[in-house]
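# Tertiary structure, described
Here is what each chain is made of, one letter per residue.
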Amino acid sequence: MFSVSHTLQAHANNDILCIRQARECPAYGGFGRNILSEYSHSLCPIHFITSCPPENTMSEYNELIKHFDRIRSYVRDFYIYGFKTREDFREKSGRTYDNQRRRMESWFSDYIRQDRSGHKKQVFLTLDSGRMAVNPLYQAWKSKTFTDNDIALRFFLPDLLGDGCFRSLETIADQLQEHYHRLFDTQTIRRKLAAYEKEGLIIRRKEGKQYLYGYTENGALTGPGLFSSLTLAVSFFQGAAPFGFIGSTILDFWNKANDCFRFRSDYLVHTLEDEVLLPLLTAMEQGSRVLITIKSTRSRHVGKIIVTPLKILTGTQTGRRYVCARRDDSRRLSSFRLDTIQNVELLEPDPDRDAVVEDFARVFPLVWGVSFGDSRKPETVSMEIVFDEKTEGYILDRLEREGRGGVLKRLGPGLYGYTRQCLDAAELLPWVKTFTGRIASFHCSNPFVEQRFRTDMEKMEACYLSAEDRPSGEDTDEKNG
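Figured I'd write up the structure that's included with this text.

## Overview of the overall build of the protein
Counting its regular elements, the protein contains 16 helices and 14 strands. The 481 residues of the protein split such that 44% are buried. If you take every contact in the protein between residues at least 6 apart in sequence, the share linking residues at least 24 apart comes to 65%. For the protein, the exposed area adds up to about 26,200 Å²; of that, 50% sits on carbon and sulfur atoms.

Below, the structure written as structure tokens:
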């Protein structure tokens, strides 16, 4: 899988000559801020490499971000789901709200709309994926902050290790000072090498009692011209697949634009969950447990749960994504919305993984949506639908297409029966109600679900019919089945 770091690696490989030439510049002894600023703006289209601030200046507001999870919840709550005001932001100070708002306005200025509720101003995003070449929310991924050491070592290390020789940590520190006239702390270099090793940019091997580090030379990425034929595939990937911001970053690197594809029903907000999705997929591949941090959307309570992730589901109506998992505390199957998960920490492999997978495969066909219910005992829903078979054949098509494995039987002319077993019958109610006006009877083995259906029908009747228009008696079909 491509990563943002790999695209940066290609920049370093192609343009490292600029760094070597800059060594002779008198201003280079102080890292050459002016040179690097000009280099970053003219050669590198990756947005989070920008010029460093001048010396002896301090800015209270920085457009760049260090931790993506902080901005993720703000974008989602205030601009995607929210229509909230400044007074609704209670987690931190008003100054924090103002700083976050300014970041959002700089990233999404073309899509931000405002509305007023009394004297309060509400902000939100207006996005039409069918008219967009690229997801504007990708901009949040391309705005990561950095330090002087981050960006200096990003170019110095590939240049130093580009000769193919392996060096120890101490040798690297000495040669950085010798070649580039910069003194770096060995712990800083060690952390940077560890990060690059994790991203696949650095190779580490052990000789005797010490570790040696070498540079990974990826010839394919050094010549983007070789991949001009892949522009079409990358353009499709950046809009259609999870982690699409990687494809967008590759297009930025090639100075290409998506001129081919538009996606009418594209859930743009999914990119905000990709940081959570990746470790979940990794755990599923490795058969590992994970420690997830969840923040309740109602109570705002934050809790931690150890689970074994099994499957990722996406709602076709709401677009919300869920992870099906076995909880370690209750030993039960549950589903968790990805947009409520704040952090995922990989743990050890689950020794019961195979048994858990078998149990999940057995009960999952009984799941209507994402809920596994409060009981492992299946509940039965049955209803009878009346329609004109000659003029309303689309009703039968809907029952067959949307029934999700339910049993459909013709009981008579224009009368069909539908029966479905599921672990949580309450999940069927929204779908069942779409046939209002044609439901001849409704029954459920769970009396609470059946009573909820009848109560909803009575409330709807009260909303749409006046007292004199309501049918007399208590034996109407949709109320009493």
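## Let's talk about the sheet that holds strand β12 (residues 407-412)
Strands sit in the order β12-β13-β11-β14 across an open sheet of four strands; the sheet is antiparallel. At either margin of the open sheet sits one strand with a lone partner, and together these are β12 and β14 (439-444). Each adjacent strand pair in this sheet contributes to an overall mean axis angle of 15 degrees, direction not counted. Here strand β11 (residues 379-386) runs beside strand β13 (residues 415-422); their pairing, made up of eight bridges, is antiparallel. The residue of β13 that forms the bridge with Val-381 is Arg-420.

## Things to note about helix α10 (residues 244-254)
Most of α10 is tucked away, with 11 of its 11 residues classed as buried. Within the span of α10, buried status applies to Gly-244, Phe-245, Ile-246, Gly-247, Ser-248, Thr-249, Ile-250, Leu-251, Asp-252, Phe-253 and Trp-254. At the C-terminal side of α10, Asn-255 shows a positive phi close to 55 degrees.

## Focus on the packing of aromatic side chains
The tally for this structure, following the rule as stated, stands at 13 aromatic pairs. Judged by centre distance (4.4 Å) and plane angle (5 degrees), the rings of Trp-141 and Phe-245 are stacked. Of the two residues, Trp-141 sits in the loop between β2 (120-125) and α5 (148-161) while Phe-245 sits in helix α10, which places them 104 residues apart along the sequence. You'll find Trp-141 and Phe-245 in the same group, each marked buried. Taken together, the aromatic side chains of Trp-368, Tyr-418, Trp-431 and Phe-435 make up a single cluster linked through ring pairs. One residue, Arg-154, lies across the ring of Tyr-196, its end atom 5.7 Å from the ring centre.

## Overview of unusual backbone geometry
A positive phi is found at His-181, a non-glycine position, where the angle reads about 60 degrees. Relative to the helices and strands, His-181 resides in the loop between α6 (169-180) and α7 (186-198). Although it is not a glycine, Asn-255 adopts a positive phi angle of roughly 55 degrees. In this structure, Asn-255 sits in the loop between α10 and α11 (274-286).

## Considerations on the pattern of salt bridges
Any two side chains of opposite charge can pair, so long as their charged atoms come close to each other. For the coordinates displayed, the defined rule picks out 21 salt bridges. When the shortest N-O distance is used, the salt bridge between Arg-289 and Asp-350 registers 3.4 Å. With Arg-289 in strand β6 (residues 288-295) and Asp-350 in the loop between β10 (341-349) and α12 (353-363), this pair connects stretches of sequence that are 61 residues apart. Per residue, the accessibility class of Arg-289 equals that of Asp-350, and both read buried.

## Observations concerning the nonpolar core
Across soluble globular proteins, nonpolar side chains show a tendency to be buried alongside one another. The biggest cluster of nonpolar side chains holds 25 residues, and the ones touching the most others in it are Leu-280, Ile-292, Phe-336 and Ile-341. When contributions to this core are tallied by element, the ones reaching two or more residues are α10, α11, β6, β7 (302-314), β8 (321-327) and β10. The element contributing the most residues to this core is α10, with six residues. Apart from the residues within four sequence positions on either side, Ile-341 is in contact with Arg-72, Val-276, Ile-292, Thr-293, Ile-294, Val-323 and Phe-336. Core analysis: the second largest hydrophobic core is formed by 23 residues, Leu-396, Leu-399, Ala-425 and Met-457 among them.

## Regarding the side chain of Arg-289
Under the relative-accessibility criterion, Arg-289 is labelled buried at 11%. Separated by 3.2 Å, the side chains of Arg-289 and Asp-328 make a polar contact. A distance of 3.0 Å separates the side chain of Arg-289 from the side chain of Glu-348, its partner in a polar contact. In contact with Arg-289, other than residues within four places in its own chain, are Ile-306, Val-307, Thr-308, Asp-328, Glu-345, Leu-346, Leu-347, Glu-348, Pro-349, Asp-350 and Pro-351.

What counts and how
Residues numbered from 1 in each chain as written. Predicted model: local features only at pLDDT ≥ 70, side-chain atom pairs only at ≥ 80, totals over all residues. Heavy atoms only, no water. Helix = DSSP H or I, 4+ residues; strand = E, 2+ residues; numbered from the N terminus. Buried < 20%, exposed > 50% of the residue type's maximum accessible area, 1.4 Å probe, protein only. Contact = heavy atoms within 4.5 Å. Areas by Shrake-Rupley, 256 points an atom, 1.4 Å probe, with all protein chains shown as cover. Pairing = 2+ DSSP bridges. Axes fitted to C-alpha atoms, helices over the stretch in contact; angles between N-to-C directions. Phe/Tyr/Trp six-rings, centres within 6.5 Å; stacked < 30°, edge-to-face > 60°. Lys NZ or Arg CZ within 6 Å of the ring centre and 35° of its normal. Salt bridge = Lys/Arg side-chain N within 4 Å of Asp/Glu carboxyl O. Core = buried A, V, L, I, M, F, W, Y, C linked by side-chain atoms within 4.5 Å. Polar contact = N/O pair within 3.5 Å; in protein donor to acceptor, adjacent residues only side chain to side chain.

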